[in-house]
Amino acid sequence: MPITVQGAIARSKGAPVELTSIVIPDPGPGEVVVDIETCGVCHTDFHYKEGGINDDFPFLLGHEAAGRVSVIGEGVTHVAVGDFVVLNWRAVCGDCRACKRAEPWYCFNTFNATQKMTLTDGTELSPALGIGAFAEKTLVHEKQCTRVNQDADPAAVGLLGCGIMAGIGAAMNTGNVSHGDSVAVIGCGGVGNAAVVGSRLAGASVIIAIDRDAKKLQKAQELGATHRIDSSGLDEDGVVAAVQALTGGFGADVVIDAVGRPETWRQAFYARDLAGTVVLVGVPTPDMMLEIPLLDVFGRGGSLKSSWYGDCLPERDFPMLTDLYLQGRLPLADFVSERIGIDDIEAAFAKMASGDVLRSVVVL
Ligand SMILES: NC(=O)c1ccc[n+]([C@@H]2O[C@H](COP(=O)([O-])OP(=O)(O)OC[C@H]3O[C@@H](n4cnc5c(N)ncnc54)[C@H](O)[C@@H]3O)[C@@H](O)[C@H]2O)c1
Ligand SMILES: [Zn+2]
Ligand SMILES: [Zn+2]
């Protein structure tokens, strides 16, 4: 029997988040229903609501979630009823061109539930990142569920499902930060501060946090940044000069743009050392354009990369990072700024904009 539960949707571009009844079908082959315990509020949910990702409204928002598998469909073997899982949006297919050339973190054909969740009038919902977890239950593909140690606080480890994994992986996987490197991180929200933590885990000796908001910089320092640059009064050249001043005049080995705007990407491009690496993990909107002298691209060399989900492999990385957190070696709990109800998501977007939180986490 299909189940009706409460969920938070974005009905049309820019409309406020709306709580409504959503219908979860019985799981089909390979699908499972997960009882959501917690789901973080990510900037990407805000992008969805504003029409910055695509126009497939209405969206069922939420995608940084932990919960327990409650019903499984035919042939499901990857998880069992009762398993504690973090949901992921990279359920590696094993068969696409990326998977076949042994680069599964780029998987171009990740698994999602085949059936649609709907409104009670039958309108099909687009679940954010194929998850849709601002709801008491959601329907996903079995491989979107990654089992982790159930001693973990769901509010903390659920964040591995998106932003915190993206930030850690932007440093450790995409940026390939290693011992003794200098790293600069532009934008120290949940994703950027996770990149600070990832850089520290990887052994970077200089970690420069850059933000326009002093509260975020304070948090970055608590999480391991060695230097801070308040960019609120600086132009692009000023930010670049400040990074160079902290790195012997050269620029950083790796600069991570966790904002995703043309001006922050240009800062990243020029603030890195010759032959250094730029990692774009912030997500731009479709209207944003970039103009840069091609000679500078050639002359500065190095590597210009994007980081989709921190180039993570959920089955490898979520259990490992959960263990590091349980051992006290990864401060995941510090990213949980507040626990809120499902009716507080709009207020959480406002707190995100005013810099008051790293993550608001909805408790279902
Ligand atoms: N690549 C991925 O897989 C992935 C995954 C999750 C989120 N994201 C994206 O990462 C970005 C950050 O997400 P978040 O949840 O951390 O957002 P957030 O709103 O919590 O943080 C953004 C931070 O950037 C700062 N900022 C904004 N403009 C700035 C500027 N011009 N210079 C310096 N700092 C500036 C803000 O003060 C804030 O601290 C978003 O674009 C989000 O969509 C990407
Ligand atoms: Zn694949
Ligand atoms: Zn996200």
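Our structure is the block above this text.
This one's a predicted model, so the numbers in the text were calculated from it and none came from an experiment.

Conventions used here
- Residues numbered from 1 in each chain as written.
- Chains lettered and ligands numbered in written order.
- Predicted model: local features only at pLDDT ≥ 70, side-chain atom pairs only at ≥ 80, totals over all residues.
- Helix = DSSP H or I, 4+ residues; strand = E, 2+ residues; numbered from the N terminus.
- Rg over C-alpha atoms; globule rule 2.2 N^0.38 Å.
- Buried ≥ 20, exposed ≤ 12 C-beta atoms within 10 Å, placed from the backbone.
- Contact = placed C-beta atoms within 7 Å.
- Expected span 1.5 Å × (residues − 1).
- Near = placed C-beta within 6 Å.
- Nonpolar A, V, L, I, M, F, W, Y, C, P; charged D, E, K, R; others polar.
- Pairing = 2+ DSSP bridges.
- Axes fitted to C-alpha atoms, helices over the stretch in contact; angles between N-to-C directions.
- Core = buried A, V, L, I, M, F, W, Y, C linked by C-beta atoms within 7 Å.

Novice: How do you make sense of the overall build of the protein chain when you look at a structure like this?
Specialist: Within the protein chain, the regular secondary structure consists of 11 helices and 18 strands. Its C-alpha atoms give the protein chain a radius of gyration of 20 Å, within 12% of the compact-globule value 21 Å for 364 residues. Taking the principal axes of the C-alpha coordinates as reference, the protein chain spans close to 65 × 40 × 40 Å. Considering the protein chain as a whole, with its 364 residues, one finds that 53% of them fall into the buried category. Excluding contacts between residues fewer than 6 apart, the proportion of contacts in the protein chain whose partners are at least 24 apart in sequence is 71%.

Novice: Just checking my understanding: could you explain helix H4 (residues 163–174) for this structure?
Specialist: Since the α-helix turns once every 3.6 residues, residues separated by three or four places project in the same direction. Under the 1.5 Å per step criterion, the end-to-end length of H4 is only 15 Å for 12 residues, more than 12% shorter than the ideal 16 Å. With respect to burial, H4 is a largely interior element, 12 of its 12 residues being buried. By the burial criterion, the buried members of H4 are Gly163, Ile164, Met165, Ala166, Gly167, Ile168, Gly169, Ala170, Ala171, Met172, Asn173 and Thr174. Downstream of H4 by one or two residues, Asn176 has phi in the positive range, about 50°.

Novice: Got a minute to help me understand the site of ligand 1 in this structure?
Specialist: In the vicinity of ligand 1 there are 33 residues, among which His43, Ala166, Gly187, Gly189 and Val191 approach most closely. Along the lines of polarity and charge, the residues of the shell around ligand 1 split into 14 nonpolar, 14 polar and 5 charged.

Novice: Explanation requested: the environment of Val177 in the structure shown.
Specialist: By the element assignment, Val177 lies in the loop between H4 and strand E11 (182–186). Residues Val177 and His227 lie 50 residues apart in sequence; the distance between their C-alpha atoms is 17 Å. With residues up to four places along the chain from it excluded, the contact list for Val177 reads Ala171, Met172, Val183, Ser199, Ala202, Ala204 and Val254.

Novice: Would you mind showing me how to read the pairing of strand E5 (residues 64–72) here?
Specialist: Sheet topology places strand E3 (residues 31–40) next to E5; 8 bridges connect them, and they run antiparallel. Bridged to Ile36 within E5 is Gly67. Taken together, the 3 bridges between E5 and strand E6 (residues 84–87) define a ladder with antiparallel strand orientation. Directly across from Ala66, in E6, lies its bridge partner Val86.

Novice: Where do I start with the sheet that holds strand E13 (residues 227–230) in this structure?
Specialist: Taken in spatial order, the 6 strands of this open sheet run E13-E12-E11-E14-E15-E16, and their pairing is parallel. The open sheet has two edge strands with one neighbour each: E13 and strand E16 (303–306). Direction aside, the axes of adjacent strands within the sheet are offset by 15° on average. Pairing of strand E15 (residues 272–280) with E16, which is carried by 4 bridges, proceeds in the parallel orientation. By the bridge assignment, Val278 is partnered in E16 with Leu304. The sheet contacts of helix H7 (residues 236–245) involve E11, strand E12 (206–211), E13 and strand E14 (252–257), and relative to E13 the element is tilted by about 165°.

Novice: Explain the nonpolar core here, please?
Specialist: Most often, soluble globular proteins keep nonpolar side chains buried together rather than apart. In terms of nonpolar packing, the biggest core is built from 115 residues, with Val183, Val185, Ile208 and Ile256 touching the most fellow members. Counting residues per element, this core draws most heavily on H4, at 7 residues. Look past the residues within four positions of Ile256 in its chain and what remains in contact with it is Ala170, Ala171, Gly175, Val183, Val185, Ile186, Ala195, Val279 and Val281.

Novice: Looking at this structure, how should I read the sheet that holds strand E1 (residues 3–10)?
Specialist: Hydrogen bonds between backbone atoms are what pair the strands of a sheet, whose relative direction is either parallel or antiparallel. Spatially, E7-E2-E1-E4-E8 is the arrangement adopted by the 5 strands of the open sheet, whose pairing is mixed. The outermost strands of the open sheet, each flanked by one partner alone, are strand E7 (118–119) and strand E8 (126–127). Here E1 pairs with strand E4 (residues 59–60) via 2 bridges, running antiparallel. Following the sheet pairing, Ala10 is matched in E4 by Phe59.

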